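# Observations on chain architecture
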Amino acid sequence: GLAAGLAARGAEVRVVACDAADRAALAGLLARVPAGAPLTGVVHAAGVLDDATIGSLTPARVDTVMRPKADAAWNLHELTATADLDAFVLFSSAAVTFGSAGQGNYNAGNGFLDALAGARRHAGLPATSLAWGLWADASSMTGHLDDSDRARMSRGGLTTLTAGDGLALLDTALTRDETLLVPIRLDLAGLRAQAGQGEVLPAVWHGLVPPGGPGGLAGPGRPAAARDAGPESGAGGADALRHQLTGLSAADQDQMLVDLVRVHAAAVLGHTSADALRAGRPFKELGFDSLTALELRNRLNTATGLRLPATLIFDCPTPAAVAGHLRAEMVQEVATGPLPVIADLDQLESALSAMAPDCDVRDDITRRLQTMLSKWIEAQGETGPDDEDIKFGLATPDEVFDFLDKEHGTL
């Protein structure tokens, strides 16, 4: 195949198998490089996957991925340190740059490659780390991916590279002086469409696609729960969602949260509508796995402002069950309770925080707040040292001096 094609063009090709993570084996191989044709370039392209969420990783699963990445790269680095190399190229992954759920071991291995390239450059040695995106051609690492896996990856803004694209980018990278490059193909149109529909975009894309994007927060066709508590608005969206829930009955709260869960579940699965996702149907039947479960958890964290467990959909196996969990976490009492007053106090606190330090009415506001607090405490029938502190704070200068005269005598 490749060797024969290169030989036909006049190149002398030797294919030798060696475990580069085995230092002794690699040293033996390098020792056989003829002096008349010295080593001038190294390309480290090895990789193995063993995906799992962090809680499921074991030392063995970490070693499976790290050994061909980190151990082999380090051996190549040390054993060629005195060679007169033109290039030392490490094949890393864009997963390190953009994040990839369920690939903690793989990301760590590629992160090591990026750091090694930087260390070599600092030592005056050649090095380039290429954080590749997904290639279109199936390989031993990507052959297991199905359409849903590729759809989930494409929602991250990346599309696949053809072999021609990859080789052209490799040629370009070798002409540049940067230590770390990210050769990828972006789907900017898709990212803009996601932003226009109120989807959460990683911060790394905000320079290309501003948060909210075209179409604003209320993208067409989105249910009210998803529009009004848009996850892209972060803490603001979560606060708006809580405020909405406060004014609803328990049944309406449940419905709003069920809609929210279904909308995000549909987005994770790549559906254009949440209509097919019934509230009582198990996530497992809908096609969720550990990675899509984590993606849904992350989306709901952003939308609600909560810190939900990674096992959320396994603990709460249906959209309705997740909605019930969200309601229990977010809603303490229905609208007839004191929550509207709490919301009003939150708004008042925000308004006071925004006031300028030299505002003319600060003293008047302080006195009114102190009076309100004093009346509130008296109405509750409570007593304590704070009561006297409040009353003292309300006193006029003349009352203060009169108090001192009575307690200590006239000076």
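Residues numbered from 1 in each chain as written. Predicted model: local features only at pLDDT ≥ 70, side-chain atom pairs only at ≥ 80, totals over all residues. Heavy atoms only, no water.

Our focus in this paragraph is the overall build of the chain. Within the chain, the secondary structure is distributed over 19 helices and six strands. Looking at the chain as a whole, 33% of its 411 residues are labelled buried. Sequence-distant contacts, at least 24 apart, represent 62% of the contacts inside the chain between residues at least 6 apart. Carbon and sulfur atoms form 56% of the exposed surface of the chain, whose accessible area is close to 23,100 Å². (Helix = DSSP H or I, 4+ residues; strand = E, 2+ residues; numbered from the N terminus. Buried < 20%, exposed > 50% of the residue type's maximum accessible area, 1.4 Å probe, protein only. Contact = heavy atoms within 4.5 Å. Areas by Shrake-Rupley, 256 points an atom, 1.4 Å probe, with all protein chains shown as cover.)

It is worth spelling out the side chain of arginine 297 at this point. Topologically, arginine 297 is positioned in helix H13 (residues 290–304). It turns out arginine 297 is buried and unbridged, and the closest side chain with the opposite charge, aspartate 315, is 9.8 Å from it. (Lys, Arg positive; Asp, Glu negative; His and termini not counted. Salt bridge = Lys/Arg side-chain N within 4 Å of Asp/Glu carboxyl O.)

Let's shift gears to the packing of aromatic side chains. Going through the model one piece at a time under the given rule, you end up with four aromatic pairs. Judged by centre distance (5.4 Å) and plane angle (55°), the rings of phenylalanine 91 and tryptophan 132 are tilted. In this pair, phenylalanine 91 is assigned in strand E2 (residues 87–93) and tryptophan 132 in strand E3 (residues 128–132), connecting sequence segments 41 residues apart. For the pair phenylalanine 91 and tryptophan 132, one class covers both residues: buried. With centroids separated by 5.2 Å and ring planes inclined at 80°, the aromatic side chains of phenylalanine 283 and phenylalanine 288 adopt a geometry described as edge-to-face. Residue classification places phenylalanine 283 among the buried positions, given a relative accessible area of 1%. A cation over an aromatic ring shows up here: arginine 120 above the ring of phenylalanine 88, its NZ or CZ 3.8 Å from the ring centre. (Phe/Tyr/Trp six-rings, centres within 6.5 Å; stacked < 30°, edge-to-face > 60°. Lys NZ or Arg CZ within 6 Å of the ring centre and 35° of its normal.)

Relative to the helices and strands, glycine 102 resides in the loop between helix H4 (94–98) and helix H5 (104–122). Distance from glycine 102 to serine 56, taken between C-alpha atoms, is 9.4 Å for residues 46 residues apart in sequence. The residues touching glycine 102, leaving out its near neighbours within four places in the chain, are Asp51, Ala52, Thr53, Leu291 and Leu294.

Ranked by internal contacts, the top residues of the largest apolar core, which has 30 residues, are Leu257, Phe283, Phe288, Leu296 and Val322. Elements with a contribution of two residues or more to this core: helix H10 (235–246), helix H11 (250–269), helix H12 (283–286), H13, helix H14 (312–315) and helix H15 (319–330). Among the elements that line this core, the one with the most residues is H11, at nine residues. Residues in contact with phenylalanine 288, not counting those within four places in the same chain, are Ala265, Val268, Leu269, Phe283, Ala293, Leu296 and Ile313. Among the nonpolar cores identified, the runner-up in size contains 14 residues, and Ala21, Leu76, Leu116 and Ala117 belong to it. (Core = buried A, V, L, I, M, F, W, Y, C linked by side-chain atoms within 4.5 Å.)

On the surface, a cluster of nonpolar side chains totalling about 400 Å² of accessible area is made up of Leu2, Leu6, Val13 and Val15. Here leucine 2 lies in helix H1 (residues 2–8). For leucine 2, a relative accessible area of 70% translates into the label exposed. (Patch = residues over 30% accessible without salt bridge, like charges linked within 9 Å, V, L, I, M, F, W, Y side chains within 5 Å.)

One can describe the packing of H11 onto H15 by two numbers: an axis separation of 8 Å at closest approach and a directional angle of 120°. Put simply, H11 runs oblique to H15. Our pair here, H11 against H15, has a crossing hand that is right-handed. For the pair formed by H11 and H15, the contact residues are Ala250, Gln253, Asp254, Leu257, Val258, Val261 and Arg262 on the first element and Pro319, Ala320, Val322, Ala323, Leu326, Arg327 and Met330 on the second. Residues belonging to the contact of H11 with H15 are distributed by class as follows: 10 nonpolar, one polar and three charged. (Axes fitted to C-alpha atoms, helices over the stretch in contact; angles between N-to-C directions. Parallel < 35°, antiparallel > 145°, perpendicular 65-115°, else oblique. Left-handed = near helix turned anticlockwise from the far one by under 90°. Nonpolar A, V, L, I, M, F, W, Y, C, P; charged D, E, K, R; others polar.)

The next subject is the sheet that holds E2. Read across the open sheet, the four strands follow the order E1-E2-E3-E5; overall the sheet is parallel. A strand with exactly one partner marks an edge of an open sheet, and here the two such strands are strand E1 (41–44) and strand E5 (180–181). Bridge count for E3 against E5 is two bridges, and the pairing is parallel. Following the sheet pairing, serine 129 is matched in E5 by leucine 180. Across the face of the sheet, H5 comes into contact with E1, E2, E3 and E5 while running at roughly 155° to E2. (Pairing = 2+ DSSP bridges.)

Once that is clear, we can look at the pairing of E1. Residues Val42 and His44 of E1 are buried on one face, while the alternating residues Gly41 and Val43, pointing to the opposite face, are not. As judged from the four bridges shared by E1 and E2, these two strands associate in the parallel manner. From the neighbouring strand, glycine 41 faces E2, where its bridge partner is alanine 87.

Turning to the packing of helix H3 (residues 59–79) against H5, a few remarks are in order. Where H3 contacts H5, the two axes come as close as 8 Å, and the packing angle between them is 15°. As the angle between them shows, H3 and H5 are arranged roughly parallel. As for the relative orientation of H3 and H5, their crossing is right-handed in sense. The residues of H5 that touch H3, namely those facing Arg61, Val62, Val65, Met66, Lys69, Ala70, Ala73, Trp74 and His77, are Asn105, Tyr106, Ala108, Gly109, Asn110, Phe112, Leu113, Leu116 and Arg120. Of the residues contributing to the contact of H3 with H5, the split by class is 11 nonpolar, four polar and three charged.

These figures come from the coordinates and say nothing about function on their own.
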